[in-house]
Structures are given as structure tokens and as C-alpha cells.
Amino acid sequence: MTHATDPSPSPDSRFHHGPGPRSSALLTDMYELTMLDAALRDGTAHRACAFEVFTRRLPNERRYGVVAGTARVLRAVRDFVFTPEQLAELDFLSPEALEYLRDFRFRGRIDGYREGELYFPHSPILTVRGTFAECVILETVILSILNHDSAVASAAARMVTAAAGRPIIEMGSRRTHEYAAVSASRAAYLAGFTATSNLEASARYGIPASGTAAHAWTLLHTTEDGPDEAAAFRAQVEAHGTDTTLLVDTYDITDGVRTAVEVAGTGLGAVRIDSGDLGVLARQVREQLDALGAYDTRIVVSSDLDELAIAALRSEPVDSFGVGTSVVTGSGAPTAGLVYKLVEVEGVPVAKRSRNKSSQGGAKRAVRAVRATGTAVEEVAFPVDGDMPDLGVLRAVDLTVPLMVDGDLVDDLGTLDSSRALLAERLVSLPWEGLALSRDEPVLTVRVTGF
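Residues numbered from 1 in each chain as written. Predicted model: local features only at pLDDT ≥ 70, side-chain atom pairs only at ≥ 80, totals over all residues. Heavy atoms only, no water.

The protein chain goes by Nicotinate phosphoribosyltransferase in an unreviewed UniProt entry, where it is assigned to Corynebacterium bovis. In the Function (unreviewed entry) part of its UniProt record, the protein chain is described as follows: "Catalyzes the first step in the biosynthesis of NAD from nicotinic acid, the ATP-dependent synthesis of beta-nicotinate D-ribonucleotide from nicotinate and 5-phospho-D-ribose 1-phosphate." Taken from UniProt, the Pathway (unreviewed entry) comment for the protein chain reads in full: "Cofactor biosynthesis; NAD(+) biosynthesis; nicotinate D-ribonucleotide from nicotinate: step 1/1." (UniProt positions renumbered as here; feature names shortened; annotations may be inferred.)

Just to check I follow, could you spell out the pairing of strand 3 (residues 109-113) for this structure?
Where a strand is regular, its side chains alternate between the two sheet faces. Taken across its five residues, strand 3 has four buried, putting it largely inside the fold. Two strands pair when backbone bridges link them, and strand 3 and strand 5 (residues 126-131) are joined in this way by four bridges, in the antiparallel orientation. Note that in strand 5 the partner of aspartate 111 across the bridge is threonine 127. (Buried < 20%, exposed > 50% of the residue type's maximum accessible area, 1.4 Å probe, protein only. Helix = DSSP H or I, 4+ residues; strand = E, 2+ residues; numbered from the N terminus. Pairing = 2+ DSSP bridges.)

Would you mind showing me how to read the sheet that holds strand 19 (residues 400-405) here?
Hydrogen bonding along the main chain pairs the strands of a sheet, whether they run parallel or antiparallel. Judged by pairing direction, the sheet is antiparallel, and its seven strands sit side by side in the order 15-14-1-5-3-19-20 without closing on themselves. Sheet topology places strand 15 (348-349) and strand 20 (408-409) at the edges, where each strand pairs with a single neighbour. Pairing of strand 19 with strand 20 involves two bridges; the strand directions are antiparallel. Bridge assignment links valine 405 to a residue of strand 20, and that residue is aspartate 408. In this fold helix 2 (residues 70-78) packs onto strand 3, strand 5, strand 19 and strand 20, with an angle of close to 25° to the strand it touches most, strand 19. (Contact = heavy atoms within 4.5 Å. Axes fitted to C-alpha atoms, helices over the stretch in contact; angles between N-to-C directions.)

Would you explain the environment of glycine 407 in this entry?
Its location among the elements puts glycine 407 in the loop between strand 19 and strand 20. In this structure, the C-alpha to C-alpha distance between glycine 407 and glutamine 236, residues 171 residues apart in sequence, is 52 Å. If sequence neighbours within four positions are ignored, glycine 407 has contacts with Arg105, Phe106, Arg107 and Gly108.

Explain the sheet that holds strand 21 (residues 446-448) to me, please; I cannot follow it from the model alone.
Read from one edge to the other, the open sheet built from four strands follows the order 18-16-17-21, with strand pairing classed as mixed. The two strands at the open ends of the sheet, each matched to only one other strand, are strand 18 (395-398) and strand 21. In this sheet, neighbouring strand axes are inclined to one another by 30° on average, regardless of whether the strands run parallel or antiparallel. Where strand 16 (residues 364-370) lies against strand 17 (residues 376-383), seven bridges are found, and the strand directions are antiparallel. Within the sheet, the bridge partner assigned to arginine 365 lies in strand 17 and is phenylalanine 382.

What should I look at first to understand the packing of helix 1 (residues 30-42) against helix 4 (residues 95-102) in this one?
Relative orientation and spacing of two packed helices are given, respectively, by the angle between their axes and the distance between those axes. Contact pair helix 1 / helix 4: the axes reach a minimum separation of 9 Å and the direction vectors enclose 110°. On the basis of the axis angle, helix 1 is roughly perpendicular to helix 4. Side by side, helix 1 and helix 4 meet where Leu33, Leu36, Asp37, Leu40 and Arg41 of the first sit next to Glu96, Ala97, Tyr100 and Leu101 of the second. A breakdown of the residues in the contact of helix 1 with helix 4 according to their chemical character gives six nonpolar, no polar and three charged. (Parallel < 35°, antiparallel > 145°, perpendicular 65-115°, else oblique. Nonpolar A, V, L, I, M, F, W, Y, C, P; charged D, E, K, R; others polar.)

Sorry if this is basic, but what is going on with the packing of aromatic side chains here?
Centre distance and the angle of the planes are the two values used to describe a pair of aromatic rings. Applying the stated criterion across every chain, the model contains five aromatic pairs. Between the aromatic rings of phenylalanine 51 and phenylalanine 132, the centroid separation amounts to 6.2 Å while the plane-to-plane angle is 40°, which identifies the pairing as tilted. With a gap of 81 residues between them, phenylalanine 51 in strand 1 (residues 48-55) and phenylalanine 132 in helix 5 (residues 132-136) connect regions that are remote in the sequence. With respect to burial, phenylalanine 51 and phenylalanine 132 carry one shared label: buried. Between phenylalanine 51 and tyrosine 340 the ring centres are 4.9 Å apart and the planes differ by 20°, which places this aromatic pair in the stacked class. Linking phenylalanine 51 in strand 1 with tyrosine 340 in strand 14 (residues 338-345), this pair joins segments that are 289 residues apart in sequence. By relative accessible area, tyrosine 340 is classed as buried at 3%. One cation-aromatic arrangement involves lysine 364 over phenylalanine 451; the distance from NZ or CZ to the ring centre is 5.7 Å. (Phe/Tyr/Trp six-rings, centres within 6.5 Å; stacked < 30°, edge-to-face > 60°. Lys NZ or Arg CZ within 6 Å of the ring centre and 35° of its normal.)

What's the story with helix 15 (residues 416-429) in this structure? I'm lost.
Each turn of an α-helix holds 3.6 residues, which means side chains three or four residues apart point in the same direction. Along its 14 residues, helix 15 runs 20 Å from first to last C-alpha, staying within 8% of the 20 Å computed at 1.5 Å per residue. Of the positions making up helix 15, those classed as buried are Leu416, Ser419, Leu422, Leu423, Arg426, Leu427 and Ser429. Mapping the buried residues of helix 15 onto a view down its axis gives an arc of 150°, with all of them on the same face. (Expected span 1.5 Å × (residues − 1). Arc of directions from axis to C-beta.)

Help me understand the UniProt feature "domain: Nicotinate phosphoribosyltransferase N-terminal" (unreviewed entry) in the protein chain, please; the structure alone is not making it clear to me.
The residues that UniProt annotates with the feature "domain: Nicotinate phosphoribosyltransferase N-terminal" (unreviewed entry) are residues 26-147. Between the C-alpha atoms that bound residues 26-147 the distance is 18 Å, and the span itself is 41% helix and 19% strand.

Looking at this model, I keep getting lost on the side chain of glutamate 52. Mind explaining?
With respect to the helices and strands, the residue glutamate 52 is situated in strand 1. A relative accessible area of 3% places glutamate 52 in the buried class. Once you skip the residues sitting within four places of it in the chain, glutamate 52 turns out to touch Pro124, Leu126, Val339, Tyr340, Lys341, Val343, Gly362 and Lys364.

What exactly am I supposed to notice about the pattern of salt bridges here?
Pairs can form between side chains of opposite charge whenever their charged atoms are close. Per the stated rule, a full pass over the model turns up 21 salt bridges. Close ionic contact of arginine 105 with aspartate 408 constitutes a salt bridge, the shortest N to O distance being 2.9 Å. Taken together, the residues span a long stretch of sequence, with arginine 105 in the loop between helix 4 and strand 3 and aspartate 408 in strand 20 at a distance of 303 residues. Note on arginine 105: relative accessible area 29%, which makes it partly exposed. A relative accessible area of 44% places aspartate 408 in the partly exposed class. Overlapping salt bridges, with partners in common, bring together Glu117, Arg368, Glu379, Glu425 and Arg426 in one network. (Salt bridge = Lys/Arg side-chain N within 4 Å of Asp/Glu carboxyl O.)

Below is the structure:
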């Protein structure tokens, strides 16, 4: 199966007209094209510019963010070409602007953090360089992907930390847009989730798929004599073997566990609890399973879990978790708060001074300063073509790498699995207190120097 560089399908056939590459060009906001039009008229469209993606703050008391969606962004930039049918819809543009867009293809340069890298407030996550015209119209498609995927991955990474090595299954497809569900599955897997319930995500990205049955299956086996939980369990075991997971809380959970073991035997793979006080019930079910001789039967819990709920269950006899709504919505922060700002024009740094919305001018690259033990100390951002500042005894880890040169994708962008491995490595490099779930200050600061 293919991995991180697969393009995403369009949710609307208007974006794909017959054979050839899929167009992402209308995944944009109108004001980007009206700015392009005005720039072509006043002669500023072809000025060399640099735009930067960064965040001013981390949401929901997070202490770090996770870069996710980079591979999808690069494919969207590659596919940012206008079809004749799309251009026909843009009747608010001048003939000059329409002619420019007719042959448009991004031919600039993109550098940035690898997918799976950590970021903090003012980390220069992505730098897009080219003419004003070709850079400005990419804002929305870049931010819409990075903001969603990074929010999901950041939330998922906290859940993985809270689970302390126990597997987590992503099962939130029913709680979000059908195409967002696929990218959310990908971002959660990147962050360390072990499987997904979403078959499209599994097929496209090679993520292990997982799932057995819902309460509807148990309820289906109701006759005129009443519920028949044993019949539901028996049919599931006959179809999928004793290693399946039986949902035991449709009716009385104690009766459900006893019936499950009676039907499947002590070799039953797992039982799932999807309601109630999960900590109390997990202890109760573990004691009951052991008393029945089902020592190896695992306990899976679900039901509106987030990182705090998972952390609270850390000392309970839970073997794995199923997480839905909280991961696909970024655990209450459905956007990472990333922005796309112009930071350089014709080699001259430019910056906003707006209250609470300031920016730091200049195209930048960044390194992370790391102790000999491997623990990260700070990030340092400096001019993209400048010399790296002296870090003393600290070792520099390069964060900014080429992603697209002259409009062409860099060959070695890695895979979803390599991004997943990078994030696992980076989380280990954080100071131990950096993984706390309830503090509101970032783990590291970003020092900008050389401007």
C-alpha cells in the first residue's frame, strides 16, 4: 500500500474534470484572487516574496504542537492548477488575471519542518518563497490542511503519552466530515495510534483497520421472548473466531461478561466497555474474567475518551482504548491556530505590528538546541541564508529542510511510517515535565536572532 504522499480525493467532482491531475485550485478564498488581480494591475505581482506558516500560541493548554499534513500540502500545491471550467466560474476577475491563472503552476520554493516534527509558538513551520502572485493564492489550501491535521496529531500525541504504551484505536469517522475523517485517521496514526476504524484511511495509507460490532448487533438478536445476548455473541464468534472483541455492556455488564466467556471460552480475545464509570467497571470486569479463568482476555474501553480521561485510567486494568470524537475534533481545538504571513519582500523583512497579531519579519530557518543527553533546550530561528548562531556546548538539530524546489517535490519526503517514527523520537527528547497535560506554557521557547 502507498503511504504519506498519496493525494487526497476531492469531496466535489467540480475539482476534477476527466483524466489528468486533480485540481486543488478552488480550495481557496476569494480575497486571494482579488489580491492577485490588483497586484497584476499595479505591477507588484512579480515581486520576490517569502510567506511563513507559524502560530502565535498553542491551544487548550498544550505544551507543544505536532506538524502533520505536510505531504498532503505539497501534493495540493502541485495540483494547484486551474481547469477551463474553473476559470469560467471566476467572472469577478479581470482578463489579465484570468490569463495569468490559465497557465499557473507554482514554481517557487518551499522549506519547512518535517512531518512528525514538534513545533512551538513562532516556530517557522513552513516558508514559501516565490513571486507575490504565486505565493499569495496558496494561503488557504496550505492552512486548511496544516491546521486540521496538526490539530488532530497534537491531540492524538497527548493521548498516546497518556496511554503509557497501551494501544489506541481511532474510531471517530462518524463525528466529522467524511473526508476529514480520512485525514484525521492519518494524523492520529502519525501521532502513534495503532489502528483506525476507517476503511478508506486503511486502504489509502496502509493503516491497520480494526472493528467488530456495535450495540445494534446485540440488539438485533432480540426475539419475542426477549433479548438473546448469547445468540449475538455466538454468531460473532462463529463469523470471526474467538479472538474477536465482544461488546458486553448492552444490557447488564456482569451478565454480558459471563455470557461472553460461556460462548467463546476462556480464550476470548477481548471485551469492550462503552459506558459507565470506566475505571470502576474495568476493575470489576478484570476480577470477573480472572475468576472465570479468562486471564488473557483483554479489556478495551471507549466512550468519549480524551487525553485527560485516558490519563485517569492509567492505573486501571485497561489494555487498550478506542477514541472517537475528541481526536477527530483535535480534543476541543479543531484548528492548530496556524497563520500564513508575508515576512519578506525583495529581500527586505516585513512584519505586522497589530496588537496581539504581530509577526517577526524575514525568511527563516531553525535548529533545535539539544544537550549531550538528547534533551531539547530551545529552538533558534535565524535568516534563511545566514550563518547558524553559536550554541556553545549544545548540539544543533536541523529542523528546516527543502520540501519543494522550483515547483518540484523533493524526492526524499519520507513516508507516513518514517514521520510516525520521527515524532516518537522527538517526544522522547522533551524535558520530562514537557509531557504534562495541564500546564499552559510551551515546553520550549523559540529565539529569533540575526534580523
